[in-house]
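Chain by chain, the residues:
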Number of protein chains: 2
Amino acid sequence: MATVVEISDPADPRLADYRDLRDVELRKHLEAEHGLFLAEGEKVVRRAVEGGFTPRSFLMAPRWLDGLADVLATTDAPCYVLSEALAEEVTGFHVHRGALASLERRALPSVAEVLADARSVLVLEELIDHTNVGAVFRSGAALGFDAVLLAPRCADPFYRRAIKVAMGAVFTMPWTRLPDWYDALPDLSAAGFTTVALTLAEDAVPIDEAVAGLDKVALVLGSEGHGLSPRWERSADRRAIIPMRQGIDSLNVAAASAVACYVTARR
Amino acid sequence: MATVVEISDPADPRLADYRDLRDVELRKHLEAEHGLFLAEGEKVVRRAVEGGFTPRSFLMAPRWLDGLADVLATTDAPCYVLSEALAEEVTGFHVHRGALASLERRALPSVAEVLADARSVLVLEELIDHTNVGAVFRSGAALGFDAVLLAPRCADPFYRRAIKVAMGAVFTMPWTRLPDWYDALPDLSAAGFTTVALTLAEDAVPIDEAVAGLDKVALVLGSEGHGLSPRWERSADRRAIIPMRQGIDSLNVAAASAVACYVTARR
């Protein structure tokens, strides 16, 4: 059972995991260095713990204690309880879903482990926006994808905002980082996947044609701004486009990935 | 040619249109009462003016003047120029895309005008999140939809954040508000559209089956949280679902609308 600790001083050093949550750069360093991540909101906190992640601590206003009592019963981590005003002072924003948890990251699995039973895989090169990373995980999970691989520079799926948008799909969907950016797609081809890059390249074919009849597929997405790197665009087995209205040449990456996942899942 | 006005006092009353842009409630009132909307970023400002909307004024740091010179040449509205630090003081946030414009809203067209040449229409009941409204407009425009109808309580597509996410699609896509919520869908059916509600209802059929072979279609989307109202769910001609993996029962509304638009556009 978690130990409830009432907090009256926002400078209390035990709250270090929860400081300045709006400062993205600070948080990226702090969370990586300390091997932690933050879950926000009752539903997401619950899914993180149910997903087997070890809580370091919880932080919440008193009114959230009852709703999370069953989750708190499963752990010995401290639960810091404080008013919403104090919580806002510590975190730097209004914690409107009321509950936060800091949890231990786990070592990432190998690419081979992630691919072991996978037939449909998403590969993200350099998505910058945590919201988009979370959205891709959520759509991929809902639409039948089995795993996600991230290039070294893709934004962190365990960043608070990504976790929240993914509605916890980052806890259940197997994922890891690709160790080698340059040969990532040829390596996937060698592992039996047909790599299909979503791109506006001139030789791109409509996505439904690109994936028709394929067995193992790796769907490859680039960044929000400039799309895929030339290396990834050219080293993919196929290039595919989502057909769009004349004069319009782009969809938001989250929307594009949802459409591409839907089409690919029904190949 | 716009008159360039250098600003040194952040309290200057001529900047009233640009105050406190992060205060959503304040902005909703201010913009509705004054019949204005805000465009943010060089590309979006340009698209608003090219879309025929009349600028009330512009506000930008000096370095954006050159890039927008051709746009400024088309209007007599004042262009307030100030440092980025002062701009931040006025607006309440870091204006990282550098240029803002305040423009006049236009009277909304009638439903009949919006539907006149339309074959594929999106109908949004009560989306709360401006980001989602913008995303639906962008995906709808890209994937071949002709118009958007909004229930009385749907979030405003001309709110700054919605415009930005839509990448200006709110300026080119015909849209209006439905005057009557209760009979909105039967009215659309009477106008020759098959109304297809996206829902998790038990009698929902897969979206591709629901729209197969239809001529005029109105695709109906509910709110982020509770989905469609019972009235709209039951008064639609058909109920449709995007098939999802066992155990997962929801997609983000922006992702769901992208998939549904893609499938419907190819009916």
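Residues numbered from 1 in each chain as written. Chains lettered and ligands numbered in written order. Predicted model: local features only at pLDDT ≥ 70, side-chain atom pairs only at ≥ 80, totals over all residues. Heavy atoms only, no water.

Colleague: Go over the overall build of chain A, please, and point to the residues and values.
Modeller: Of regular secondary structure, chain A possesses twelve helices and twelve strands. A compact globule built from 267 residues would reach a C-alpha radius of gyration of about 18 Å, and chain A, at 20 Å, matches this within 12%. Each principal axis of the C-alpha distribution contributes one length, and for chain A these read about 65 × 40 × 30 Å. Relative to its 267 residues, chain A shows a buried fraction of 55%. Contacts spanning at least 24 positions in sequence make up 74% of the contacts within chain A whose residues lie at least 6 apart. By element, 51% of the accessible surface of chain A is carried by carbon and sulfur atoms, the whole surface being about 11,300 Å². Positive and negative side-chain charges of chain A, numbering 28 and 38 respectively, have mean locations separated by a distance of 4 Å. (Helix = DSSP H or I, 4+ residues; strand = E, 2+ residues; numbered from the N terminus. Rg over C-alpha atoms; globule rule 2.2 N^0.38 Å. Buried < 20%, exposed > 50% of the residue type's maximum accessible area, 1.4 Å probe, protein only. Contact = heavy atoms within 4.5 Å. Areas by Shrake-Rupley, 256 points an atom, 1.4 Å probe, with all protein chains shown as cover. Lys, Arg positive; Asp, Glu negative; His and termini not counted. Charge placed at Lys NZ, Arg CZ, Asp CG, Glu CD.)

Colleague: Can you lay out unusual backbone geometry for me, pointing to particular residues and giving the numbers?
Modeller: Positive phi, close to 50 degrees, is recorded for M167 of chain A, a residue that is not glycine. Looking at the element boundaries, M167 of chain A is found in the loop between α7 (160-165) and α8 (169-172).

Colleague: Explain the domain arrangement of chain A residue by residue, including any values.
Modeller: All names here are of chain A. One can read the domain layout of chain A as domain 1 (3-104) and domain 2 (111-265). Relative placement of domain 1 and domain 2: their C-alpha centres are 31 Å apart. The partner domain 2 presents nine residues to the 17 residues of domain 1 that form the contact. On the domain 1 side of the contact with domain 2, E40, V44 and R47 bury the most area, a combined 34% of that side's loss. A salt bridge links R160 to E40; the shortest N-O distance between them is 3.0 Å. Of the residues in the side of domain 1 that touches domain 2, the class split is eight nonpolar, one polar and eight charged. (Domains from an automatic or database assignment. Buried area = accessible area lost by both parts, 1.4 Å probe. Salt bridge = Lys/Arg side-chain N within 4 Å of Asp/Glu carboxyl O. Nonpolar A, V, L, I, M, F, W, Y, C, P; charged D, E, K, R; others polar.)

Colleague: Lay out the packing of helix α6 (residues 130-142) of chain A against helix α12 (residues 253-265) of chain A in plain terms, naming residues and giving numbers.
Modeller: Residue and element names in this part refer to chain A. Look at α6 against α12: their axes get within 9 Å of each other, and the N-to-C directions meet at 15 degrees. The angle between α6 and α12 places the two elements in the roughly parallel class. Between α6 and α12 the crossing geometry is right-handed. Mapping the contact onto sequence places N132, A135, V136, S139 and G140 in α6 and V253, A254, S257, A258 and C261 in α12. When the residues that make up the contact of α6 with α12 are grouped by side-chain class, the tally is six nonpolar, four polar and no charged. (Axes fitted to C-alpha atoms, helices over the stretch in contact; angles between N-to-C directions. Parallel < 35°, antiparallel > 145°, perpendicular 65-115°, else oblique. Left-handed = near helix turned anticlockwise from the far one by under 90°.)

Colleague: Any chance you could break down the pairing of strand β7 (residues 147-150) of chain A for me, citing the residues and the numbers?
Modeller: Residues and elements named next belong to chain A. Neither face of β7 is open: one carries A147 and L149, the other V148 and L150, and all of them are buried. Pairing analysis gives four bridges linking strand β6 (residues 120-124) to β7, with the strands arranged parallel. The partner of L122 across the bridge, within β7, is V148. Tracing the backbone out of β6, into α6 and back to the parallel element β7 gives a crossover that is right-handed. Sheet topology note: the β7/strand β8 (residues 175-177) ladder contains three bridges and is parallel. When the sheet's bridge partners are listed, V148 is paired in β8 with W175. (Pairing = 2+ DSSP bridges. Right-handed = clockwise from strand over helix to strand, strands pointing away.)

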